[in-house]
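# Inside the fold
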Amino acid sequence: MRESSSAWVRNRNIVRHTPKTLGSVSQSVILGVLVLVVGLIYVTQGTKATSYDYELSKVENDIAKLEAEKEDLAVERARLTSIARSDSNEVAANMQVGQVAGYAE
Amino acid sequence: MNRIKVLKLGLYAVAAVILARLFFVQIIQKETWVAKAEAQHTLENTIKAKRGEIYMMDGSEPVVVVMNEKVYTVIVDPMVAEEAELKEAVFNENMKENLVAKLEEVLSDRTRRYMVVAKNVSRENALRIREAQPSGVWLQETTKRVYPEGTLAARTLGFVNADGEGQYGVEGALNAQLAGKDGLLKTVADVNQVALSIGDKNVKIPAEDGENVVLTIDRNIQAEVENILQKKMDEYGKDQASAVVMNPRTGEILAMANLPSYNPADYGNVESASLYINRVTEDPYEPASVCKAFTFATGIDLGVMTAESTYYNVDKIYIDGWPIENASKNGAGVRTMQYALNWSLNVGSIQALKWIGGDAENITEEGRKTLYDYYVNKFGLGEETGIELYEATGLIGDPVEGDGRDSLYANMTFGQNMLVTMIQVAAGYSAMINGGEYYAPTIVKGTIDTNGELVEKEKAGALRRVVSEDTSRQMREMLWGTRSSPRLLGIDQAGYFVGGKTGTAQVIRDGEYVMDESVATYVGFGGAEGEMPEYLAMVRIWKDGETTDAQKMALPVFSEISNYLIDYLKIKPKVE
């Protein structure tokens, strides 16, 4: 008896399965690319951090400079308002000495 | 053996040598190479702590009187420096005050690699040099102490030496508080020595800056006291003077002056190191008759005498075979203790000691012990007062041990044969006239916080009761009586209550008291009539080898200071 062969035919696997593997060259290239990418990321991050460090260093230098200027100004202010300075000041020297009045006798 | 094999063997041998070398470097010499590598890419800097500034009061506001300034030292490498560049950048008109070497010296020996050519160069001039970029020249940053008030209170403030250590005065005594603590920066750095945040061994310990200390000294009072001292020294031809002004109600020092002074910014430029000494706290001396008030206060406090108690005064008496005379002669007769204080009669103060000992005719051991107890344990004479400065103790003789105790203590009743500092006497007097409570003198008011605000230290309060309130009142009146006796009438402004006592001390030379040299002292206080005194001032003036009379020379100094203080402190007179 002849069975209909269409069922068999219909279900038969018409795709040929063959194992697909990367060759050794491709593997090496991909590995190399991955290492390169990771390396680049590392270098980029490192450079980024370093650039921040430079920026930080510049800001710190600016702060130090401004602080030094502030200190200079504070010293100058103290010198200008010192008693020694006002004693030798011409305007102060020409001021009339105050007279205390109104004490009970 | 074919050539391939030979080549192989050769390669193996080379590989073996390389491996051996690697093993040697990486395993055996690991520590050495790691250390070298770290040294190359590690930046290690001390973060210098900023030394605290010193403030004085200006009325109720603190004003800075000792500061820090960044300055630079210019260093030259003569081997590589260029003459033209040096002339333009360093050896120019702007730098003339800072140069410590001549251009010819730099050029004379080109084999040297290091030469300091300028010191204390301002930041402005340092920037000019940096911009000019002369070859073989570099700058070293350092900090200099700056004293905007010049010589004001120099012997109280002290100075900072080249190593950054405080010496003498406040700078020395409070060095730990002012100096702070250096920090540390240890980090990975690149070739430009820029600190990098990468690395897991970076260390940053911030510096702890020193505290900004505020003194109780009022710079206006300090300046005026120094002016008065200088004027009177010139007028009387004396070359040494010291003064201390304090608030007797709190122990706060308002002025502490010593002349001659020096410039602390140029502290090496003095004729003698004795100029560094603060004679108010570090120089024990015999204050003489100002101590009569301590003796009288002891007698009054014990209830054995009053201002009106009488004795028979003579010009000279003998104790232990030694003659003791009054400076004011022809005062024989029955006299009150007020009279004895007014005329500063030594025989009168010895009589007080006799009464203290319970025997009107003789000095007793009990009397000596009691006087010692009052002098040392109550008034604090011969003991450190606790002020935040270097202090000397002095010497108060034992009341029992040793020969000639009666003579010793007889002399001590009028302030001779004993050594005390001015600050001890001033603090003891304050206790005597402020109601009877002893306040340790203090020169530190507080600190300045990071917001620039004054943070006052906790007030210590009275340490002990010295005499009763009534004794204190009687002593104020006795000292006012002494000052306002007819011979001194009119020296104080009307409406004020000003009292005080002179002391003209004989000086020991070659083991003996001499008649041709003396030191003049005056201690006085003042305030409104009927009120507690608001200030106490002690003055000492002298010249080695000369007599200096307290009545003629120390008292007028006090009077000028007192009149200034009445105005400056805005003390209102009593109006009837």
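No experiment lies behind these values; they were computed from the predicted model shown.

### Points about the domain arrangement of chain B
By the assigned domains, chain B splits into domain 1 (78–135) and domain 2 (218–270 + 280–568). Placing the centre of domain 1 of chain B and that of domain 2 of chain B at their C-alpha centroids yields a distance of 57 Å.

### Observations concerning the packing of helix α16 (residues 422–433) of chain B against helix α17 (residues 469–483) of chain B
All names here are of chain B. Packing of α16 against α17 brings their axes to within 7 Å, and their N-to-C directions diverge by 110 degrees. Regarding the angle of α16 to α17, the classification is roughly perpendicular. Contact residues: α16 offers Tyr-429, Ala-431, Met-432 and Ile-433, while α17 offers Ser-472, Met-475, Arg-476 and Leu-479.

### Notes on the packing of aromatic side chains
All names here are of chain B. Under the defined criterion, the tally for this structure stands at 16 aromatic pairs over all chains. Centre to centre, the rings of Phe-159 and Tyr-276 are 4.9 Å apart; their planes meet at 55 degrees, and the pair counts as tilted. Separated by 117 residues along the polypeptide, Phe-159 in strand β6 (residues 159–160) and Tyr-276 in the loop between β13 (253–259) and α10 (279–282) bring together distant segments of the chain. For the pair Phe-159 and Tyr-276, a shared accessibility class is recorded, and that class is buried. Here the aromatic rings of Tyr-564 and Tyr-568 are separated by 5.5 Å at their centres, their planes lie at 15 degrees, and the arrangement is stacked. Of this pair, Tyr-564 and Tyr-568 are both found in helix α18 (residues 550–568), 4 residues apart, which corresponds to roughly one turn of the helix. Classification of Tyr-568 as partly exposed rests on a relative accessible area of 22%. Across from the ring centre of Trp-33, 4.7 Å away, lies the NZ or CZ of Lys-36, which sits over that ring. The positively charged end of Arg-335 is found above the aromatic ring belonging to Tyr-339, 4.4 Å away from the centroid.

### Focus: the pattern of salt bridges
Opposite charge on two side chains allows them to pair when their charged atoms are near. Summed over the entire model, instances satisfying the criterion amount to 37 salt bridges over all chains. The salt bridge partner of Glu-69 of chain A is Arg-123 of chain B, with a shortest N-O separation of 4.0 Å. Highlighted residues: Glu-69 of chain A in helix α2 (residues 24–80) and Arg-123 of chain B in helix α5 (residues 123–132), drawn from two different chains. Relative accessible area serves as the criterion here: at 31%, Glu-69 of chain A is assigned to the partly exposed category. Assessed through its relative accessible area of 11%, Arg-123 of chain B is described here as buried. Salt-bridge contacts for Arg-540 of chain B lead to Asp-283 of chain B; the nearest nitrogen and oxygen are separated by 3.0 Å. Separated by 257 residues along the polypeptide, Arg-540 of chain B in strand β24 (residues 535–542) and Asp-283 of chain B in the loop between α10 and α11 (292–301) bring together distant segments of the chain. Among the residues examined, Arg-540 of chain B registers a relative accessible area of 4% and is labelled buried. Here the salt bridges do not stand alone but share partners, grouping Lys-231, Lys-232, Glu-235 and Glu-560 of chain B into one network.

### Some thoughts on the sheet that holds β13 of chain B
Residue and element names in this part refer to chain B. Read across the open sheet, the 5 strands follow the order β13-β12-β24-β23-β22; overall the sheet is antiparallel. The open sheet has two free edges, formed respectively by β13 and β22 (496–509), since each of these has just one partner strand. The sheet shows a mean angle of 10 degrees between the axes of neighbouring strands, direction not considered. The pairing of strand β12 (residues 240–246) with β24 spans 7 bridges and is classified as antiparallel. Along β24, the bridge assignment pairs Ala-243 with Val-539. Sheet strands in contact with α16 are β12, β13, β22, β23 (512–528) and β24, and its direction is about 145 degrees off that of β24. Taken strand by strand, α18 contacts β12, β22, β23 and β24, and its axis lies near 145 degrees from that of β24.

### Section: α18 of chain B
Residues and elements named next belong to chain B. For α18, with 19 residues, the first-to-last C-alpha span of 25 Å sits near the 27 Å given by 1.5 Å per residue. Among the 19 residues in α18, 14 count as buried, and that is most of the element. Put simply, Asp-549 is the residue that caps the front of α18, since its side-chain oxygen is 3.0 Å from the backbone nitrogen of Gln-551.

### Focus on the confidence of the model for chain B
Parts of the model with low pLDDT should not have their predicted coordinates read in detail. Confidence in the prediction of chain B, expressed as mean pLDDT, is 92, and 99% of residues score 70 or more. Predicted as a complex, the structure gets a pTM of 0.83 and an ipTM equal to 0.74.

### Structural notes on the interface of chain A and chain B
Contact residues are listed per partner, giving 24 residues for chain A and 31 residues for chain B. Regarding the contact of chain A and chain B, the summed buried area is about 2,100 Å², with carbon and sulfur atoms giving 55% of it. Put simply, chain A and chain B have 5 salt bridges between them. Where Lys-70 of chain B meets Glu-71 of chain A, a salt bridge forms, and the shortest distance between an N and an O atom there is 3.9 Å. Where chain A meets chain B, there are 4 residue pairs in polar contact (both at pLDDT 80 or more).

### Considering the environment of Asp-77 of chain B
All names here are of chain B. When you line up the elements, Asp-77 lands in the loop between β3 (61–76) and α3 (83–89). Separated by 327 residues in the primary sequence, Asp-77 and Gly-404 place their C-alpha atoms 72 Å from one another. For Asp-77, the residues in contact, after removing those within four places along its chain, are Arg-112, Arg-113, Gly-136 and Trp-138.

### Some thoughts on the layout of surface pockets
Residue and element names in this part refer to chain B. Taken as a whole, the second largest pocket spans an internal volume of roughly 1,300 Å³. Glu-325, Asn-346, Phe-414, Gln-416 and Gln-506 are, among the 43 residues lining the second largest pocket, the residues nearest its centre. For the lining of the second largest pocket, the secondary structure elements donating two or more residues are β16 (322–325), α15 (405–412), β22, β23 and α18. Residue composition of the lining of the second largest pocket, by class: 13 nonpolar, 19 polar and 11 charged.

### Let's talk about helix α14 (residues 365–378) of chain B
All names here are of chain B. If you check α14, its first and last C-alpha atoms are 19 Å apart, about what 14 residues at 1.5 Å a residue would give, namely 20 Å. For α14, the full list of buried residues reads Gly-367, Arg-368, Thr-370, Leu-371, Tyr-374, Tyr-375 and Val-376. Where α14 is buried, its residues meet α11, α13 (346–356) and α15. Phi turns positive one or two residues past the end of α14, at Gly-380, with a value near 80 degrees.

### A word on the pairing of β13 of chain B
Of all 7 residues in β13 of chain B, 7 are buried, a share of seventy percent or more. In this structure, the hairpin formed by β12 of chain B and β13 of chain B is closed by a connection of 6 residues, where Gly-251 of chain B is found at a positive phi of approximately 85 degrees.

What counts and how
Residues numbered from 1 in each chain as written. Chains lettered and ligands numbered in written order. Predicted model: local features only at pLDDT ≥ 70, side-chain atom pairs only at ≥ 80, totals over all residues. Heavy atoms only, no water. Domains from an automatic or database assignment. Axes fitted to C-alpha atoms, helices over the stretch in contact; angles between N-to-C directions. Helix = DSSP H or I, 4+ residues; strand = E, 2+ residues; numbered from the N terminus. Parallel < 35°, antiparallel > 145°, perpendicular 65-115°, else oblique. Contact = heavy atoms within 4.5 Å. Phe/Tyr/Trp six-rings, centres within 6.5 Å; stacked < 30°, edge-to-face > 60°. Buried < 20%, exposed > 50% of the residue type's maximum accessible area, 1.4 Å probe, protein only. Lys NZ or Arg CZ within 6 Å of the ring centre and 35° of its normal. Salt bridge = Lys/Arg side-chain N within 4 Å of Asp/Glu carboxyl O. Pairing = 2+ DSSP bridges. Expected span 1.5 Å × (residues − 1). Polar contact = N/O pair within 3.5 Å; in protein donor to acceptor, adjacent residues only side chain to side chain. pLDDT = per-residue confidence, 0-100. Buried area = accessible area lost by both parts, 1.4 Å probe. 1 Å grid on protein atoms, 1.4 Å probe; cavity = no way out; pocket = protein on both sides within 12 Å on 5 of 7 lines; lining within 4 Å. Points joined across faces, edges and corners; volume = space filled by probe spheres on them. Nonpolar A, V, L, I, M, F, W, Y, C, P; charged D, E, K, R; others polar.

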